[in-house]
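An overview of the molecular structure
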Amino acid sequence: MSDEREGARVRVVIVDDHDLFRAGVRAELGGRVDVVGQAGGVADALETIRASPPDVVLLDVHMPDGGGVEVIRRICGELPDVRFLALSVSDAAEDVIAVIRAGARGYVTKSISGAELADAVARVAEGDAVFSPRLAGFVLDAFADVVPDAADPELDQLTPREREVLRHIARGYMYKEIAQRLEISVKTVEAHVGAVLRKLQLSSRHELSRWALQRRLVSLD
Amino acid sequence: MRLRVIPDRPSAVRCDHGAMASAPQTAVAPGQPAEGEPDPATSASGSGADAPQGDARSAHHRLQRYPDRGLLGGVGAGVSEQLGVPVQLVRFAMALMLAAGGIGIALYALAWRLLPVAPESEGVERPRGAWREAVVIVIVALAVLYGLRRAGLLLGDSLIWPLVLATVGLILVWRPVAASAGPDAARRIPPLRALLGSSGRTELPRPVVGVMLVAFASAALLHALGVLGNLGKALSAVAIVATMVGLLLGPWLVRLARSLSFERAARIREQERADVAAHLHDSVLQTLTLIQKRAADPREVAGLVRRQERELRRWLFDRHDSECGDSVKALLGRAAAEVEELHGVPVELVIVGDAPVDTRLEALVQAAREALTNAAKFAGAERVDLYAEIGPSRVEAFVRDRGVGFDPAAIPDDRRGVRDSILGRLERHGGHAAITSAPGAGTEVELVVERGRGERGQVSMSPVPSS
């Protein structure tokens with residue numbers, strides 16, 4: 001939990017266009033984190049975050065005026081220390097991958113429990129990546145089709161180990177359990193997930209957009 | 001996911017049939033020139049009494065052509081079908097028309113282009129190739145022209161050839177209009193190409209070729225009539241008048257076009273809104289009503305909410321899923337939903353890739369369903385995770401819970417059957433299953449099936465047909 005990871009409590013801003021939902025998340029998080037601000041729209045969010053930069057922004061993927069992606073894009077350059085955790089009901093892989101590629105360090109679904117959410121926030125605050133089973137599935141799907149870019153094949157493919165870690169996440173294992181099963185340390189698991197996140201953000205835009213295009217043409221997930 | 005295109009194809013075909021069925025009723029513009037055709041035919045054959053009968057039939061039976069029955073394009077067969085007279089009579093009437101000025105060729109060619117192919121003739125292979133049609137046309141045209149000239153009935157080459165050229169040009173210009181209404185447009189191109197010879201294969205868009213032909217024919221006509229010298233004056237007069245009219249009517253026309261497109265957009269929006277409203281009414285509103293009624297039973301309410309949520313998600317994000325048949329993904333989703341509903345334990349579903357179902361994959365889905373049921377019934381966990389990865393050569397599925405667990409070495413007798421239906425079933429289909437569990441540590445069932453090589457080819461999918 002957050003307390004054992006960090007002395008000071010994590011400062012969080014919640015951005016979601018549904019008041020009811022913001023209130024719900026706030027209540028679920030309870031005393032585990034320090035909710036320093038809330039916002040119901042993109043402009044609102046920019047103002048709140050700039051006024052008092054938090055450690056983590058809990059960000060809804062779907063909002064009017066560009067959604068979470070827009071908020072990340074505007075804040076990323078200005079305040080590099082602010083980290084983003086996407087929170088969504090969306091099942092559309094494109095949206096989720098888009099927000100990750102914009103710079104979010106993780107994605108969790110809105111059905112997550114309060115304790116799990118607080119844990120995810122703490123992880124993100126420390127600079128780790130948080131992959132829900134669903135996100136792991138999306139990422140495996142995204143990289144399954146990617147034909148390596150001749151210029152930088154390393155970046156466009158997952159290593160067997162990274163794939164193995166992702167598959168365990170998709171199967172519902174926690175980092176600690178994955179570490180045990182693969183006989184590596186939790187830190188190594190975190191490093192693998194971080195590497196996947198980086199690849200997701202940096203790999204050739206062309207290849208991943210081809211993937212997204214294919215999906216959209218034929219079927220949404 | 002790409003694989004889903006395969007089952008999608010039939011739906012596209014269905015759409016085409018739908019368009020074909022509705023085309024005769026809605027296609028007013030192309031229908032008009034088509035309907036103009038039989039009139040000279042009836043008047044030429046002198047059978048005025050047939051006309052009312054023809055009208056009565058056309059109420060439910062439009063004029064079509066039957067390429068499989070006709071000598072050339074099946075227009076004669078179509079007219080005879082429409083009027084209820086023997087096809088020979090129609091052909092004789094047409095021959096008379098040809099003799100009466102050569103314009104019959106143009107009329108026939110027009111009808112060929114513009115009449116829709118009868119559905120029953122659709123797809124029937126004609127023995128003749130397109131080039132033979134072209135040869136027949138050219139021979140008939142030459143014979144008719146020669147006959148006319150001998151008979152002294154002809155107006156002269158200087159008039160006939162421009163008229164023929166203009167007709168071909170008009171066909172080219174009008175064709176897209178007719179094609180947009182008829183699904184058999186592609187089918188009509190080969191004879192047209194043959195008619196045009198090489199110009200049909202140029203990269204120039206058809207309308208441009210058509211306009212050029214018509215312009216050339218007009219110039220030739222004007223030249224023949226000896227008015228080409230005055231053309232300059234006439235053209236400038238026409239240009240001045242056209243400019244005036246354009247200036248006068250321009251703004252009004254623009255406004256009209258704009259309001260029409262606005263109206264269209266509004267209508268489309270209204271239609272979409274009605275669709276969404278209908279769906280919400282059938283699903284969400286109904287569920288809300290049910291929830292109000294069952295408010296006393298939290299378990300049932302949770303089940304209702306969960307089911308509605310799943311359905312709404314599918315509607316929002318997975319619209320294509322419902323159209324196509326059984327993919328592994330769809331079946332696993334259905335199995336998970338059923339288990340959720342039966343046992344009230346949520347199933348977290350993550351699926352990578354997809355494939356059409358065969359018997360082996362069917363077995364895997366069944367085993368997964370069994371494992372889910374087991375977990376939901378005995379584990380006492382808050383939720384069950386199902387992860388499936390459908391690769392080109394093998395399919396794996398993992399069913400995991402964080403429940404009470406058990407010692408696999410000491411499986412109680414009452415679970416034997418269940419165990420058989422998971423392990424045994426997969427082994428029968430050349431796969432294997434493994435159960436990992438320990439008391440207090442939850443359970444994971446691993447299911448693996450190798451895929452036949454035959455399916456590999458389907459993994460790569462050509463791009464979606466142009467839309």
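Residues numbered from 1 in each chain as written. Chains lettered and ligands numbered in written order. Predicted model: local features only at pLDDT ≥ 70, side-chain atom pairs only at ≥ 80, totals over all residues. Heavy atoms only, no water.

**A closer look at the overall build of chain A**
Scanning chain A for helices and strands turns up 12 helices and 6 strands. Considering only intrachain contacts with a sequence separation of at least 6, the fraction spanning at least 24 residues in chain A is 68%. By element, 52% of the accessible surface of chain A is carried by carbon and sulfur atoms, the whole surface being about 9,300 Å². (Helix = DSSP H or I, 4+ residues; strand = E, 2+ residues; numbered from the N terminus. Contact = heavy atoms within 4.5 Å. Areas by Shrake-Rupley, 256 points an atom, 1.4 Å probe, with all protein chains shown as cover.)

**Things to note about the overall build of chain B**
A count of helical and extended segments in chain B gives 18 helices and 5 strands. Burial analysis of chain B (467 residues in total) assigns 38% to the buried set. Taking the intrachain contacts of chain B between residues at least 6 apart in sequence as the baseline, contacts between residues at least 24 apart amount to 71%. (Buried < 20%, exposed > 50% of the residue type's maximum accessible area, 1.4 Å probe, protein only.)

**Things to note about the environment of V445 of chain B**
All names here are of chain B. Along the chain, the position of V445 falls in strand β5 (residues 443-450). On the basis of relative accessible area, V445 is assigned to the buried category, the value being 7%. On a C-alpha basis, the gap between V445 and I422 in space is 9.0 Å, while along the polypeptide they are 23 residues apart. When sequence neighbours within four positions are dropped, the list of residues in contact with V445 reads A371, A397, F398, V399, I422, A434 and I435.

**Things to note about the environment of F398 of chain B**
Note that F398 of chain B resides in strand β3 (residues 394-401). Assessed through its relative accessible area of 2%, F398 of chain B is described here as buried. Note: C-alpha distance between F398 of chain B and D385 of chain B (13 residues apart in sequence) is 7.8 Å. The contacts of F398 of chain B, once residues within four sequence positions are left out, are R167 and R171 of chain A together with D385, L386, Y387, E444, V445 and E446 of chain B.

**Some thoughts on unusual backbone geometry**
With phi around 55 degrees, E183 of chain A is a residue other than glycine that occupies positive phi space. By the element assignment, E183 of chain A lies in the loop between α10 (175-182) and α11 (186-202).

**Structural notes on the confidence of the model for chain B**
Residue and element names in this part refer to chain B. Within chain B, residue pLDDT values average 69, and 58% of them lie at 70 or more. The weakest mean pLDDT in chain B belongs to helix α1 (residues 5-26) at 37; the strongest belongs to strand β2 (residues 384-390) at 91. Below a pLDDT of 50 lies the segment residues 1-60, which in the model reaches 73 contacts outside its immediate sequence neighbourhood of four places, other chains included. Overall, residues 454-467 carries pLDDT values under 50, and its contacts beyond four positions in sequence, including any with other chains, amount to 19 contacts. Interface scoring of the predicted complex returns ipTM 0.77; its pTM is 0.53. (pLDDT = per-residue confidence, 0-100.)

**Remarks on the sheet that holds strand β2 (residues 34-39) of chain A**
Within a sheet, adjacent strands bond to each other through the backbone by hydrogen bonds, running parallel or antiparallel. All names here are of chain A. Strand order in the open sheet formed by 6 strands is β2-β1-β3-β4-β5-β6, with parallel pairing between adjacent strands. Where the open sheet ends on each side, the last strands, each with one partner, are β2 and β6 (130-131). Pairing geometry for strand β4 (residues 83-88) and strand β5 (residues 106-109), over 3 bridges, is parallel. Each bridged residue has a counterpart across the sheet, and for A86 the counterpart in β5 is Y107. With respect to the sheet, helix α4 (residues 67-78) is in contact with β3 (56-60) and β4, its orientation differing from that of β3 by roughly 150 degrees. (Pairing = 2+ DSSP bridges. Axes fitted to C-alpha atoms, helices over the stretch in contact; angles between N-to-C directions.)

**A few points about the side chain of R171 of chain A**
Topologically, R171 of chain A is positioned in the loop between α9 (160-170) and α10. Setting aside anything within four residues of it in sequence, one finds R171 of chain A in contact with R181 of chain A together with D385, Y387, F398, R400 and E444 of chain B.

**Section: a nonpolar patch on the surface**
Residues and elements named next belong to chain B. Residues I240, V241, M244, V245, L248, L249, W252, L253, L256 and L260 make up a contiguous nonpolar surface patch of about 990 Å² in total accessible area. Mapping L256 onto the fold places it in helix α12 (residues 231-293). For L256, a relative accessible area of 38% puts it in the partly exposed group. (Patch = residues over 30% accessible without salt bridge, like charges linked within 9 Å, V, L, I, M, F, W, Y side chains within 5 Å. Salt bridge = Lys/Arg side-chain N within 4 Å of Asp/Glu carboxyl O.)

**Here's the deal with the packing of helix α13 (residues 298-317) of chain B against helix α15 (residues 328-343) of chain B**
All names here are of chain B. It is at 9 Å that the axes of α13 and α15 come closest, and there the two elements cross at 165 degrees. The angle between α13 and α15 falls in the class roughly antiparallel. When the axes of α13 and α15 are compared, the crossing they make is left-handed. Facing R299, R306, R307 and R310 of α13, the residues of α15 in contact are A337, E340, E341, L342 and H343. In terms of residue class, the contact of α13 with α15 is made up of 2 nonpolar, 1 polar and 6 charged. (Parallel < 35°, antiparallel > 145°, perpendicular 65-115°, else oblique. Left-handed = near helix turned anticlockwise from the far one by under 90°. Nonpolar A, V, L, I, M, F, W, Y, C, P; charged D, E, K, R; others polar.)

**Describing the nonpolar core**
Across soluble globular proteins, nonpolar side chains have a tendency to be buried as a group. Ranked by size, the top nonpolar core spans 51 residues in total, and within it V71, F84, F131, V139, L166 and I169 of chain A carry the most contacts. Broken down by element, the residue count for this core peaks at 6 residues, all from helix α7 (residues 133-145) of chain A. Every residue in contact with I169 of chain A, bar those within four places of it in the chain, is listed here: F131, S132, P133, A136, Y175, I178 and V193 of chain A. If you look at the next biggest cluster of nonpolar residues, it comprises 32 residues, including A367, A375, A388 and I390 of chain B. (Core = buried A, V, L, I, M, F, W, Y, C linked by side-chain atoms within 4.5 Å.)

**Regarding the pairing of strand β4 (residues 432-437) of chain B**
Consecutive side chains along a regular strand alternate between the two faces of the sheet. Across 6 bridges, the pairing between β4 of chain B and β5 of chain B is antiparallel. Bridge pairing in β5 of chain B places A433 of chain B opposite L447 of chain B.

**What to know about the pairing of β5 of chain B**
All names here are of chain B. Burial analysis of β5 places 6 of its 8 residues in the buried class, which makes it a mostly covered element. Where β3 lies against β5, 8 bridges are found, and the strand directions are antiparallel. Its bridge partner being in β5, V399 is matched across the sheet by V445. Hairpin connection of β4 to β5: 5 residues between the antiparallel strands, including G440 at a positive phi of 85 degrees.

**Quick notes on the packing of aromatic side chains**
Counting across every chain of the model gives 1 aromatic pair over all chains. For the pair Y387 of chain B and F398 of chain B, a centre-to-centre distance of 6.2 Å together with 15 degrees between the ring planes defines the contact as stacked. With Y387 of chain B in strand β2 and F398 of chain B in strand β3, this pair connects stretches of sequence that are 11 residues apart. With relative accessibility at 0%, the residue Y387 of chain B sits in the buried group. Residue placement shows R171 of chain A over the ring face of F398 of chain B; its charged tip is 3.6 Å from the ring centre. (Phe/Tyr/Trp six-rings, centres within 6.5 Å; stacked < 30°, edge-to-face > 60°. Lys NZ or Arg CZ within 6 Å of the ring centre and 35° of its normal.)

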